[in-house]
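Structural characterization, general
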Amino acid sequence: MEKRRIFLIGLPGSGKTTLGKELAQQLALQFIDLDEKIVEKIEMSIPKYFKQQGEGNFRLREKEVLHEVCATYDSFVMATGGGAPCFHFNMDTMNEHGQTVFLDVSPGDLALRVMDEGVEKRPIFNSYDQQDLIQEIRQLKEKRQEFYNQSSIKIRDNQITVDKIISNLESL
């Protein structure tokens, strides 16, 4: 069986985990949540690790786990953390090992999604006010855009579907 690795990237709230699970099911591939693998390794929640060890140490663990997964599994759909592509040449690693799909959702829609599920679940955000959060998301997107733009597929839509992802994968 040929290797098939699909990495979903995008800002927090863009649907990487939700769409990733559905995509994996439709393609009969294993689903891997990079953040869940990191939590298994560090044995604490990511927000707690961020507080205790800092973002720098978290990004190193993230890189290690990404490399471990690529060395261990031949085929999967992975939901990455929003910042994963932006550190330690992780984007290069993902592009070398598979196809990267950037789920590009507008900052306004992302803010609504993040607020609906609770800002405290996203350690990267500090705002509890919707307008402030939209601004924070815009700034984060600006910082990360150069990495996200290196993806093999970009889907810009506020209603991204698994079918849309599959048709983009097939057209590569």
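In what follows, the structure referred to is the one given above.
Everything in this summary refers to the structure shown in the same document. (Residues numbered from 1 in each chain as written. Predicted model: local features only at pLDDT ≥ 70, side-chain atom pairs only at ≥ 80, totals over all residues. Heavy atoms only, no water.)

1. Overview of the packing of helix α2 (residues 34–42) against helix α3 (residues 46–72)
For the pair α2 and α3, the least separation of the axes is 9 Å and the interaxial angle reads 110 degrees. Relative to α3, the element α2 lies roughly perpendicular. Note that α2 runs across α3; the crossing there is right-handed. Contacts from Leu34, Asp35, Lys37, Ile38, Val39, Lys41 and Ile42 of α2 reach α3 at Ile46, Tyr49, Phe58, Arg61, Glu62, Glu64, Val65, Leu66, Glu68 and Val69. For the contact of α2 with α3, a count of residues per class yields 10 nonpolar, no polar and 7 charged. (Axes fitted to C-alpha atoms, helices over the stretch in contact; angles between N-to-C directions. Helix = DSSP H or I, 4+ residues; strand = E, 2+ residues; numbered from the N terminus. Parallel < 35°, antiparallel > 145°, perpendicular 65-115°, else oblique. Left-handed = near helix turned anticlockwise from the far one by under 90°. Contact = heavy atoms within 4.5 Å. Nonpolar A, V, L, I, M, F, W, Y, C, P; charged D, E, K, R; others polar.)

2. Some thoughts on the pairing of strand β3 (residues 75–79)
Of all 5 residues in β3, 5 are buried, a share of seventy percent or more. Here β3 shows a buried face lined by Ser75, Val77 and Ala79 and a second buried face lined by Phe76 and Met78. In this structure, strand β1 (residues 4–9) lies alongside β3, joined through 5 bridges in parallel fashion. From the neighbouring strand, leucine 8 faces β3, where its bridge partner is alanine 79. (Buried < 20%, exposed > 50% of the residue type's maximum accessible area, 1.4 Å probe, protein only. Pairing = 2+ DSSP bridges.)

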